[in-house]
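Each chain, written out:
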Amino acid sequence: MDNDIKVRRTDRRWSQAELAEALGVSRQTVIAIEKGRYDPSLPLAFRISTVLGAPIEQIFTPGPESEQG
């Protein structure tokens, strides 16, 4: 799954640590999600959506591995 969390975070001039604190997760979790190494749980995805002020479907999009061919 792809996401634009890093762009949205940096647009707000938040550090990874600040976003992590707002989400109630570790900075390492934010790093892993931003890099696409970890897909958040649905409750965490909703928290991300709320904190970043955008619908989940605008933040997260299916990646190439999700497409069926």
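Residues numbered from 1 in each chain as written. Predicted model: local features only at pLDDT ≥ 70, side-chain atom pairs only at ≥ 80, totals over all residues. Heavy atoms only, no water.

Caption draft 1: Examining the packing of helix α2 (residues 16-23) against helix α3 (residues 27-34) more closely. One way to put it is that α2 packs onto α3 with a least axis distance of 8 Å and a crossing angle of 105 degrees. One way to sum up the angle between α2 and α3 is to call them roughly perpendicular. Here Q16, A17, L19, A20 and L23 of α2 come into contact with α3, specifically with R27, V30, I31 and E34. Of the residues that constitute the contact of α2 with α3, the class distribution is six nonpolar, one polar and two charged. (Axes fitted to C-alpha atoms, helices over the stretch in contact; angles between N-to-C directions. Helix = DSSP H or I, 4+ residues; strand = E, 2+ residues; numbered from the N terminus. Parallel < 35°, antiparallel > 145°, perpendicular 65-115°, else oblique. Contact = heavy atoms within 4.5 Å. Nonpolar A, V, L, I, M, F, W, Y, C, P; charged D, E, K, R; others polar.)

Caption draft 2: View of the nonpolar core. Membership of the largest hydrophobic core comes to 14 residues, with the highest contact counts inside it found for I5, I48, I59 and F60. Of all elements in the fold, only α2, α3, α4 (42-52) and α5 (56-59) reach the threshold of two or more residues within this core. The element contributing the most residues to this core is α4, with four residues. (Core = buried A, V, L, I, M, F, W, Y, C linked by side-chain atoms within 4.5 Å. Buried < 20%, exposed > 50% of the residue type's maximum accessible area, 1.4 Å probe, protein only.)

Caption draft 3: Spatial organisation of the side chain of E34. Within the secondary structure, E34 sits in helix α3. Side-chain polar atoms of E34 contact the side chain of R9, separated by 2.6 Å. In contact with E34, not counting residues within four places along its chain, are N3, I5, K6, R9 and Q16. (Polar contact = N/O pair within 3.5 Å; in protein donor to acceptor, adjacent residues only side chain to side chain.)

Caption draft 4: Looking closely at the side chain of R8. Looking at the element boundaries, R8 is found in helix α1 (residues 5-11). A polar atom in the side chain of R8 sits 2.8 Å from the side chain of D4. When near neighbours in sequence (up to four residues on either side) are disregarded, R8 contacts L52, A54, Q58 and I59.

Caption draft 5: Spotlight on the environment of R37. Locating R37 in the fold gives a position in the loop between α3 and α4. Remark: the alpha-carbon pair of R37 and D2, spanning 35 residues in sequence, is separated by 9.8 Å. Discounting residues that sit within four places of it in the chain, R37 has contacts with I31 and A32.

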